[in-house]
Amino acid sequence: MKENNIKSLVKEDIPKKTVLVLLVMTMVIVALGIWTVLDRMNYNQINPKTSAGGEIKIKILPSTNETVTTQQNINTVEG
Amino acid sequence: MKEVPNRRLVGILIVVMFIAVAGTFFSIFKQSITGYASFGTVQITIGAISAINVNSDVNFGQSAISNDINNLTSVSTEAADNYGDFNNCSVIDGGVDSPTQDCTGIEVENQGTSNLNITMIATANVSTFYNNENAGANFTFAVLDGNRTKNETAMQIMGAGNEAIGPNNASCQINGNTGTSISPSGSYLNGSWMNWTVIPAVDEYLICGNLSSTTATNNTITIEFNLTIPYNQPAGELSNTFTFTGAIA
């Protein structure tokens, strides 16, 4: 009797309802996965970044005082 | 025909679920797919075109500077009479030594079909630009509505007497840094949208949220600059390069 019970437990298969639920879940997950990937690809395609550059330039000349000082030094050397 | 046990079916379904989830994550994080095919049909999505142009550089020209620590030299892209022999920036090509030199600001134009968020990054900040830490040195920018000739501004579009900037007639509608309107209700177009801001270091700085596209009358902004030069700045040429990036808003 006990042996028969054990045998029946071993042979007992998963119910069809569980398989059906898993099948539906699988389909939903696959669909969501496909949707996510396609949505992401679409996002990347319509959101390209674009760049361009600009520049600022300014030139500082020696100040008048510095020029005078330099000139004075030259005069001093010459003198 | 031998019936397949449900236990095996469940195992197969679990494997399929795992593959689906793993495949999704792999596709998202790899991000290297450029197209896809489904049942022999190639699907192509034509996205919005995103493109910006920088229409002008700034060249202040050349001059000696003030040596007075209490009266430092300032030059501005908005000024007509800059210090010494520096260029006139109130008109295009207002160069003193070379007429073709222009310092009216860096004009950024949205040439795409979608509104863009514009960021700016500079190669040098205040201290690296002047290569020292002298007191009083400064380098700031501001964002103006319209192009560098001050056309295409909200005021021009609205007409004289209607200078109040509305949310829909300015090119750049949102200050992305505060999330608020860049032109608060009741403000007038006699100054900068964004107050003079110190040039940011290293990081990209959002200077304009929602810059209008080519479908709008006004699709330009002008970046104005203001430099205060240290009294003991050595002679030589200084330059700073800015990269502007537009991403669909």
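Residues numbered from 1 in each chain as written. Chains lettered and ligands numbered in written order. Predicted model: local features only at pLDDT ≥ 70, side-chain atom pairs only at ≥ 80, totals over all residues.

**Q** Please give an account of the overall build of chain A that cites residues and values.
**A** A count of helical and extended segments in chain A gives three helices and one strand. The order of helices and strands in chain A, counted from the N terminus, is α-α-β-α. Expressed as a percentage of its 79 residues, the buried residues of chain A come to 8%. (Helix = DSSP H or I, 4+ residues; strand = E, 2+ residues; numbered from the N terminus. Buried ≥ 20, exposed ≤ 12 C-beta atoms within 10 Å, placed from the backbone.)

**Q** Outline the overall build of chain B, listing residues and values.
**A** Per the secondary structure count, chain B includes three helices and 14 strands. Taken over 249 residues, chain B has a buried fraction of 37%. Taking all contacts inside chain B whose residues are at least 6 apart in sequence as the whole, residues at least 24 apart take part in 73%. (Contact = placed C-beta atoms within 7 Å.)

**Q** How would you summarise the environment of B:Asn131 if you had to cite specific residues and measurements?
**A** Residue and element names in this part refer to chain B. Its place among the elements puts Asn131 in the loop between helix 2 (126-130) and strand 8 (138-145). Overall, Asn131 belongs to the partly exposed group, with 14 C-beta atoms counted inside 10 Å. Counting along the chain gives 102 residues from Asn131 to Gln233, while the straight-line C-alpha distance between them is 8.8 Å.

**Q** Let's hear about the interface of chain B and chain A: which residues, and what values?
**A** Chain B puts 55 residues into the contact, and the matching count from chain A is 39 residues. Of all the elements in the fold, those that place two or more residues in the side of chain B that touches chain A are helix 1 (6-30), strand 3 (52-54), strand 4 (58-63), strand 13 (220-229) and strand 14 (236-248) of chain B. Looking at the side of chain B that touches chain A, its residues break down into 30 nonpolar, 22 polar and three charged. Pairing analysis gives four bridges linking strand 1 (residues 50-60) of chain A to strand 4 of chain B, with the strands arranged parallel. Note that in strand 4 of chain B the partner of A:Lys59 across the bridge is B:Gln62. (Nonpolar A, V, L, I, M, F, W, Y, C, P; charged D, E, K, R; others polar. Pairing = 2+ DSSP bridges.)

**Q** Outline the confidence of the model for chain A, supporting the account with residue identities and numerical values.
**A** Residue and element names in this part refer to chain A. Per-residue pLDDT for chain A averages 73, and the proportion of residues at 70 or more is 57%. Strand 1 holds the highest mean pLDDT among the elements of chain A, 94, whereas helix 3 (residues 64-78) holds the lowest, 50. Counting contacts from residues 67-72, a segment whose pLDDT is below 50, to residues more than four positions away or on other chains yields one contact. (pLDDT = per-residue confidence, 0-100.)

**Q** Which residues make up the confidence of the model for chain B, and what values go with them?
**A** Residue and element names in this part refer to chain B. Summing up the model confidence of chain B, the mean pLDDT is 78 and the portion of residues at 70 or higher is 72%. Considering each helix and strand of chain B separately, the mean pLDDT is smallest for strand 1 (residues 36-38), with a value of 42, and largest for strand 4, with 95. For the stretch residues 32-39, pLDDT sits under 50, and the model shows six contacts to residues farther than four places along the chain or on other chains. Note on residues 181-192: pLDDT is under 50 here. Beyond four places in sequence and across chains, it has 27 contacts.

**Q** Now, about the pairing of strand 6 (residues 106-110) of chain B: what can you tell me, with residues and values included?
**A** Residues and elements named next belong to chain B. Most of strand 6 sits out of view: five of its five residues are buried. The alternating pattern of strand 6 places Ile106, Val108 and Asn110 and Glu107 and Glu109 on opposite faces, both of which are buried. Bridge count for strand 3 against strand 6 is three bridges, and the pairing is antiparallel. Bridge pairing links Asn53 to Glu109 in strand 6. Bridge count for strand 6 against strand 13 is four bridges, and the pairing is antiparallel. Residue Glu109 lies in a different strand from strand 13, and its bridge partner there is Thr220.

**Q** Lay out unusual backbone geometry with the relevant residues and their values.
**A** Where the residue is not glycine, phi is negative for most of them; where a peptide bond is considered, it is trans in most cases. Residue and element names in this part refer to chain B. For Asp93, which is not glycine, the phi dihedral falls at a positive 60 degrees. Assignment of secondary structure puts Asp93 in the loop between strand 5 (73-76) and strand 6. Assessed through the 13 C-beta atoms surrounding it within 10 Å, Asp93 is described here as partly exposed.

**Q** Report on the environment of B:Val108, specifying residues and quantitative values.
**A** Residue and element names in this part refer to chain B. The topology assignment puts Val108 in strand 6. Counting along the chain gives 56 residues from Val108 to Ile52, while the straight-line C-alpha distance between them is 6.8 Å. Those residues in contact with Val108 that sit more than four places away from it in its chain are Ile52, Val54, Ile118, Thr220, Ile221, Ile223 and Phe244.

**Q** Help me get a handle on the nonpolar core, residues and values and all.
**A** Counting 38 residues, the largest nonpolar core has B:Val108, B:Ile118, B:Val143, B:Ile221 and B:Ile223 as the members making the most contacts within it. Not counting residues within four places of it along the chain, the set of residues in contact with B:Ile223 comprises B:Gly105, B:Ile106, B:Val108, B:Phe141, B:Val143 and B:Ile207. (Core = buried A, V, L, I, M, F, W, Y, C linked by C-beta atoms within 7 Å.)

**Q** Pulling in residues and values, what's your account of the environment of B:Gly84?
**A** Structurally, the position occupied by B:Gly84 is in the loop between strand 5 and strand 6. The class for B:Gly84 is partly exposed, based on 16 C-beta atoms found within 10 Å.

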